[in-house]
Amino acid sequence: MARWNVWAVLGVAIAGVELVQPRAAAAASVTEVARIAKSITVLIEGKGTHGSGILLQRRGNTYIILTAHHVVEKPGEYAVKTADGQRHSIKPNSIRPFPGVDLATLEIETTREYALATLGNSTEAIEGMPVFVAGFPSQNASVLGGIYQFTEGRLTANASRPIQDGYALVYSNATLPGMSGGPVLDENGRLIGVHGSGDVASTLIQEGSSTNNVFVKRGFNLGIPINTYVSLATPTPLPAINGTSTTGSAAIATANIPPSLPMKPADYFLAAEARFQKKDFAGAVEAYTQAITLNPNYAEAYLGRAVAQFFALVPNQDFTQLGEELGVKHLSRLTQGNPILKDAFPPNPPTPLLDTFSRNVAQQPGTLQQDIAKAMALNPNYAEAYGVSSFFNLLLGNFGNAVADIDRALAITPANGDLQVIRSLALFLSGDFRRSIPAFDQLIATNPDSTDYHLLRGVAAFLMGDYALSRPSWGELTRLTPNDPMPFAVRGVTYLLEENPRASLPDLRQAAELYRRQGNRESYEELMTVIRQLESL
């Protein structure tokens, strides 16, 4: 059985941290923005690629769609699906990329009536304002693959100096691959940017790419300001910016900012993110520090600096292996006193990466913990800061602190799935098995085929001595992993511990047969000895 996937999820849970905590906007406003977003957002599909786009202009029966260039950069045919479910072929030779930025337009032909985006002025977007992103996650990125998504977040940075491919907007919205090319809207439903890039497992990828299938996010999402598009567009009249018709030559540009202009905190913040994506963590820390120097109340910069330091402490940033070692180490610790489970989780497993991380923390005490604390002090409702703190405490074995931090985070954002995973594991590792079981039940409700959640729930109930409560977990594992003898054997043992030997026999016989098929003669003979004794009763 592949038992450690959940620890790999924990290992990259730090990558699911959003560095801005959303605050609720007026419900009516969000509803109206959602209506606008759905009407202007389209799905773009090609062979081996999937992305989103924005209905931008109409000329007669021709609609012009704006998207991220990487969505349509592969040669081949593409189709567009509009909000009414209609599919439209892209006009031949209509894909037009823009130089130096990750933007492109394409065209479809139809007599149908569709809403068009209203352009906002991205230079007026300020950090902290609500922003909304819409699009269609790809099939392999989410259980909601291909289903339209609309998410709310906050603008983290609006830099005057874009990084590679024209990215200058940073925002906290939850996004997935496939949403690239979709709209970034302000609180009035005006288009202020094109979503294009998300942070995945510490590697900046272009969403829609098929080269990376790890979709756990740290929360930095990047977009290209709409004014960048306007400045590059042809002089054809475009939709109004704040009610005023513009042309490309008259548009406000965000690119080509004179180098003499002083750097803003947001510029340093974006520069830090660019360095972080290149794994230049020292450079990222330096840039975050510059942002903090200019704005000492920049909570997101404090947490960004903490995360950069955190990543620097993990060899090769292998959070997957780190999480797996954490799970193996403490499952062994928790089960060694149990005569039944101790053999399933051998003692003193090697954990070289976790050991190196602990040594690095001890040898290089920096401002990591202080930065997390400062972010919390500046924003007491900063759920992601509590999440980072909880994860850090988990790795150091401070399970009580980890549980307290994650409870604070979930009190702020109770629906955050990444934080719910961390909480269930923090409770389990702290030995609070009774509270961990409903936490695992909640995860299982949305992930019914997760062998990891069933395994940990079963171990927790077994260690509590509640064998009846553990049995559904072993039952689900026999269904999910029918060739693994372990869940059959443990379920059989639960009946024995309840002094019901006859009920145990079918499971013990099946476990013995599976051991025989696998060539595990020692385990087969041991179980057969037990079975013969029970049959003689």
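Look a little higher up for the structure.
Below, the structure is looked at part by part. (Residues numbered from 1 in each chain as written. Predicted model: local features only at pLDDT ≥ 70, side-chain atom pairs only at ≥ 80, totals over all residues. Heavy atoms only, no water.)

We now examine the overall build of the protein. Assigned secondary structure in the protein consists of 18 helices and 16 strands. Relative to its full complement of 537 residues, the protein shows a buried share of 55%. Once local pairs closer than 6 in sequence are excluded, the contacts in the protein between residues at least 24 apart make up 65%. Surface exposure of the protein reaches about 21900 Å², of which carbon and sulfur atoms provide 51%. (Helix = DSSP H or I, 4+ residues; strand = E, 2+ residues; numbered from the N terminus. Buried < 20%, exposed > 50% of the residue type's maximum accessible area, 1.4 Å probe, protein only. Contact = heavy atoms within 4.5 Å. Areas by Shrake-Rupley, 256 points an atom, 1.4 Å probe, with all protein chains shown as cover.)

A few words on the packing of helix 4 (residues 265–277) against helix 5 (residues 281–294). Where helix 4 contacts helix 5, the two axes come as close as 8 Å, and the packing angle between them is 170°. Considering the angle they form, helix 4 stands roughly antiparallel to helix 5. In contact with Pro265, Tyr268, Phe269, Ala271, Ala272, Glu273, Arg275 and Phe276 of helix 4, helix 5 contributes Phe281, Gly283, Ala284, Glu286, Ala287, Tyr288, Gln290, Ala291 and Leu294. Taken together, the residues of the contact of helix 4 with helix 5 break down into 12 nonpolar, two polar and three charged. (Axes fitted to C-alpha atoms, helices over the stretch in contact; angles between N-to-C directions. Parallel < 35°, antiparallel > 145°, perpendicular 65-115°, else oblique. Nonpolar A, V, L, I, M, F, W, Y, C, P; charged D, E, K, R; others polar.)

Taken together, seven strands build an open sheet; the order of strands is 5-4-1-2-3-7-6 and the sheet is antiparallel. Looking at the sheet topology across the chains shown, the edges are occupied by strand 5 (87–89) and strand 6 (96–97). Pairing of strand 3 (residues 62–67) with strand 7 (residues 104–109), which is carried by six bridges, proceeds in the antiparallel orientation. Counted as the bridge partner of threonine 62 is glutamate 109 from strand 7. (Pairing = 2+ DSSP bridges.)

As judged from the two bridges shared by strand 6 and strand 7, these two strands associate in the antiparallel manner. From the neighbouring strand, proline 97 faces strand 7, where its bridge partner is alanine 104. Counted between consecutive antiparallel strands, the loop separating strand 6 from strand 7 contains six residues, among which glycine 100 sits at a positive phi close to 80°.

In total, this model carries 16 aromatic pairs according to the counting rule given. Here tyrosine 63 and tyrosine 114 contribute two aromatic rings whose centre-to-centre distance is 5.5 Å and whose plane-to-plane angle is 70°, an arrangement assigned as edge-to-face. Taken as a pair, tyrosine 63 in strand 3 and tyrosine 114 in the loop between strand 7 and strand 8 (130–135) lie far apart in primary sequence, 51 residues in all. A relative accessible area of 0% means that tyrosine 63 is categorised as buried. On the basis of relative accessibility, which here comes to 13%, the residue tyrosine 114 falls in the buried class. Judged by centre distance (5.2 Å) and plane angle (85°), the ring pair of phenylalanine 310 and phenylalanine 392 falls under edge-to-face. (Phe/Tyr/Trp six-rings, centres within 6.5 Å; stacked < 30°, edge-to-face > 60°.)

Let us look at the environment of phenylalanine 399. Relative to the helices and strands, phenylalanine 399 is located in helix 11 (residues 399–412). Look at phenylalanine 399 and you get buried, because its relative accessible area is 11%. In this structure, phenylalanine 399 is in contact with His330, Arg333, Leu394, Leu429 and Ser430, ignoring residues within four places of it in sequence.

Before going further, it helps to spend a moment on the environment of alanine 409. Note on placement: alanine 409 falls in helix 11. Along the backbone, alanine 409 and asparagine 381 are 28 residues apart, and their C-alpha atoms lie at a distance of 8.0 Å.

On to the nonpolar core, then. Among the nonpolar cores identified, the biggest contains 113 residues, and Tyr229, Phe310, Phe357 and Phe428 are the most heavily contacted of them. It is helix 6 (residues 299–312) that provides the largest number of residues to this core, a total of nine residues. Ignoring anything within four residues of it in the chain, the contact list for phenylalanine 357 reads Phe310, Leu313, Val314, Leu322, Phe392, Leu395 and Leu396. Among the nonpolar cores identified, the runner-up in size contains 15 residues, and Ile44, Leu55, Ile65 and Leu106 belong to it. (Core = buried A, V, L, I, M, F, W, Y, C linked by side-chain atoms within 4.5 Å.)

Purely spatial values, then, with no claim about function.
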